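Chain by chain, the residues:
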Amino acid sequence: MKKTMYEKIWDSHLVVDVEGQAPLIYVDRHLMHEVTSPQAFEGLKISGRKVRNPHSILATMDHCVPTKNRDLPIADLIARKQIETMAENCLENGLNLYDMKSPNNGVIHVVVPEHGFVHPGMVVVCGDSHTATHGAFGALAFGIGTSEVEHVMATQTLPQKKSKTMLVQVNGELSKYSTAKDIALAIIGKIGTAGGTGHVIEYAGDAIKALSMEGRMTLCNMAIEAGARAGLVAPDEKTYEYLNGKEFAPKAAMWEQALAYWKSLPSDVGAEFDTVITLNAADIAPQVSWGTSPEQVIGVNANVPAPESFDNEGKRKACESALAYMGLTPNMPITDIKIDYVFIGSCTNGRIEDFRSAAEVAKGTTVADGVTAIVVPGSYHVKEQAEKEGLDKIFIEAGWEWREPGCSMCLAMNGDELSKGQRCASTSNRNFEGRQGKGGRTHLVSPAMAAAAAAAGHFVDIRTL
Amino acid sequence: MQPYTKHESIAALMNRSNVDTDQIIPKQFLKKVERSGFGVHLFHDWRYNDDGSDNAEFELNKPAFKGAKILVAGDNFGCGSSREHAPWAIADYGFNTIISTSYADIFYNNCFKNGILAIIVSQAQLDALMAEIAANEGVKFIVDLENRAVTTPAGNGFTFEIDPFRQGNLLSGLDDIGLTLKHVDKIDAYEVKHKQSYPWLWV
């Protein structure tokens, strides 16, 4: 039988499949951060259970960490306690932790690939919905809740329902100004935030093959925003080249053995998917979200939609309430939307390629009056590389703040946040109400679009620069 | 986990779609290292005014919905992050049942780990239930998980589908981990095979 990549990974990880019980699948890698793990460790301790495979775990601190004055103790005492608890839990259980002072520290989904900790064909979990990022390597990677974090620590397995499969085929060539972020947003705009529910998406087509590993990570990262359990891209030469030589990548003879296995993973020609979606890359303009759900997104050259333009009552109502929250009027050009804040970073767009493309646009510009613009590298390694290339200077000279790594304004847990009514061009992944601070207004964009907006003070079509 | 028993409870109406986990429990409350005490923060940004007083406009603040155990909400409920703080807050507030047309995957899984029954209904069924509550705020529904049935005074009752494994766990209040560990010999055997097939993962 012809199998999709998802089915191959599923089949090879099935531990128990008996009548009347959810199938148990094996977990190869377990990623952790401070927010969704403490209650799992507590549960483990109360029940007298131990971490089954400590070597399968890699942990970092990212959600609550300050992006400036890192030498000082964290002012927020509750956050400080959470950080300390993470350190204690990792020490007690012998886990590999990149703590705040580690040169390897950063956002979990940026750090993990940097060290080659995830390989094709693995099952990877983390108490974080953006675990989908690692599907870029052809690994089945998905977010889990804290009870499941505890379950995986204790058993190295997870009861799972098999997902349906969705092929998202992106044909043709992306325009020079559109990025993986724009593909991700355009897909969500097309299928909606529940479009992928119950599915694992495999992204394929020439436009996907052409993406760098960083781009594929950005794309898979937002599979969750399409409602999918996970996103996958078939491993290829780019994947192998990226992994080769990394700390946790197989070495010498084992590399050859692993490579042979990895090459067997892509979906068989003719394998059937439950759902197929097709997009033409050339049609994907740089995207800007206008509402409070990632599906409320449109090309930068378009106008803010009017509620009556939706044929479905639910979407009409959602549009009305989003426009009210966002302080926008129907039919106004997207390029007329003025911004107060710009955030470049996050597990979606916090990698070196993202800062290169933003710096290219920011070079020689000045941040517009009244706009605060911050750059938050996804990890210390990204920061170091960017500084080596002089990107930090470009941003600083243009009036941006160059920060320490962390999740920062993607979810605004660490004190970096918008005030009520402030509007942000953000390279993060969610534009929910209050996501970047109560009353804050988020527009999701690519790094280059964010940089252009910072200089202009409003959104601009980077194709016209 | 408390076993889920048949109950007759007030059904609260939340006629909104795509209610996301950032609304259910905003991020400022995710810093705690405990599992309890999140109920007071449920829907914080919608529920409270800036001065901390109750927002009278917010549906769950209606006196008729006080003590509700059933939440009837629009589609794609619980979308967004994986935070289990969302079902913790929902359960701690007092809900043990949600009725909607669809849920985000991770949220749906998380509900069942915390004694919350998430029922899936058709759009027509949801519309009827919402209309019944709107016409009679404070109305009580009976939820019978054993027979997978909901009954309502106006006759909008229905039976629902649920995975028998989830149903059994909710009814018994069983711990998932204990169940899985019954298969520890199979996990051990799988790992032996795994080490042979993928030795590079074990160095």
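For the structure itself, consult the block above.
Since the structure is predicted, the reported quantities are computational estimates derived from the model, not experimental observations.

A. The overall build of chain B, seen in detail. Scanning chain B from N- to C-terminus turns up 8 helices and 7 strands. For chain B, buried positions account for 42% of its 203 residues. Summarising the internal contacts of chain B: among those between residues at least 6 apart in sequence, 69% fall at separations of at least 24.

B. Fine view of the packing of helix α6 (residues 180-191) of chain A against helix α8 (residues 213-221) of chain A. All names here are of chain A. Contact pair α6 / α8: the axes reach a minimum separation of 8 Å and the direction vectors enclose 20°. With respect to their mutual orientation, α6 and α8 come out roughly parallel. Note that α6 runs across α8; the crossing there is right-handed. Contacts between α6 and α8 pair Ala-180, Lys-181, Ile-183 and Ala-184 from the former with Gly-215, Arg-216, Thr-218 and Leu-219 from the latter. The class makeup of the residues in the contact of α6 with α8 is 4 nonpolar, 2 polar and 2 charged.

C. Spotlight on the sheet that holds strand β16 (residues 372-375) of chain A. All names here are of chain A. Ordered by their spatial adjacency, 5 strands build an open sheet running β17-β16-β15-β18-β19, and the pairing between neighbours is parallel. The open sheet is flanked by β17 (401-402) and β19 (441-444), the only strands paired with a single partner. Looking at chain direction, strand β15 (residues 341-344) and strand β18 (residues 423-426) are connected through 3 bridges and run parallel. For Val-342, the partnering residue across the bridge sits in β18 and is Ala-425. Across the sheet, helix α15 (residues 447-456) touches β15, β16 and β18, and the angle it forms with β15 is around 150°.

D. Spotlight on the nonpolar core. Counting 201 residues, the largest nonpolar core has Val342(A), Ala362(A) and Val72(B) as its most contacted members. Not counting residues up to four positions away in its chain, the partners in contact with Val72(B) are Ala11(B), Ala12(B), Leu13(B), Met14(B), Ile99(B), Leu129(B), Met130(B) and Ile133(B).

E. Layout of the sheet that holds strand β2 (residues 24-26) of chain A. Residues and elements named next belong to chain A. Strand order in the open sheet made by the 3 strands is β1-β2-β8, with antiparallel pairing throughout. Each of the sheet's edge strands pairs with one partner strand only, and the pair in question is β1 (14-16) and β8 (157-159). Shown here is a sheet whose adjacent strand axes are inclined to one another by a mean of 35°, direction ignored.

F. Quick look at the interface of chain A and chain B. At the interface, 55 residues of chain A touch 44 residues of chain B. Counting only elements with at least two residues in the side of chain A that touches chain B, the list comes to β1, β2, α2 (38-46), α3 (77-93), α5 (146-155), β8, α10 (252-262) and α11 (313-326) of chain A. The biggest single contributor to the side of chain A that touches chain B is α5(A), with 6 residues. A breakdown of the residues in the side of chain A that touches chain B according to their chemical character gives 22 nonpolar, 24 polar and 9 charged.

G. Focus on the environment of Tyr380(A). Residues and elements named next belong to chain A. Relative to the helices and strands, Tyr-380 is located in helix α13 (residues 380-388). Residues Tyr-380 and Pro-103 lie 277 residues apart in sequence; the distance between their C-alpha atoms is 6.0 Å. Contact partners of Tyr-380, with chain neighbours within four places excluded, come to Pro-103, Asn-104, Asn-105, Gly-106 and Pro-405.

H. Looking closely at unusual backbone geometry. All names here are of chain A. Positive phi, close to 70°, is recorded for Asn-331, a residue that is not glycine. Within the secondary structure layout, Asn-331 lies in the loop between α11 and β15. Asn-331 gets classed as exposed once you count the C-beta atoms within 10 Å, which come to 10. Unusually for a residue other than glycine, Ser-346 sits at a positive phi of about 90°. Along the chain, Ser-346 falls in the loop between β15 and α12 (352-362). Residue Ser-346 is classed as buried on the basis of its C-beta count, with 28 C-beta atoms lying within 10 Å.

I. Just the environment of Ala22(A), in detail. As for its position among the elements, Ala22(A) is in the loop between β1 and β2. Taking the C-alpha atoms as reference points, Ala22(A) and Glu173(A), separated by 151 residues in sequence, lie 42 Å from one another. Discounting residues that sit within four places of it in the chain, Ala22(A) has contacts with Pro159(A), Gln160(A), Lys161(A) and Phe165(B).

J. Highlighting α6(A). Residues and elements named next belong to chain A. Taking 1.5 Å as the rise per residue, α6 with 12 residues should run 16 Å; its terminal C-alpha atoms sit 17 Å apart, in good agreement. α6 sits mainly inside the fold: 11 of its 12 residues count as buried. Burial in α6 covers these residues: Ala-180, Lys-181, Asp-182, Ile-183, Ala-184, Leu-185, Ala-186, Ile-187, Ile-188, Gly-189 and Ile-191.

The rules behind these values
Residues numbered from 1 in each chain as written. Chains lettered and ligands numbered in written order. Predicted model: local features only at pLDDT ≥ 70, side-chain atom pairs only at ≥ 80, totals over all residues. Helix = DSSP H or I, 4+ residues; strand = E, 2+ residues; numbered from the N terminus. Buried ≥ 20, exposed ≤ 12 C-beta atoms within 10 Å, placed from the backbone. Contact = placed C-beta atoms within 7 Å. Axes fitted to C-alpha atoms, helices over the stretch in contact; angles between N-to-C directions. Parallel < 35°, antiparallel > 145°, perpendicular 65-115°, else oblique. Left-handed = near helix turned anticlockwise from the far one by under 90°. Nonpolar A, V, L, I, M, F, W, Y, C, P; charged D, E, K, R; others polar. Pairing = 2+ DSSP bridges. Core = buried A, V, L, I, M, F, W, Y, C linked by C-beta atoms within 7 Å. Expected span 1.5 Å × (residues − 1).

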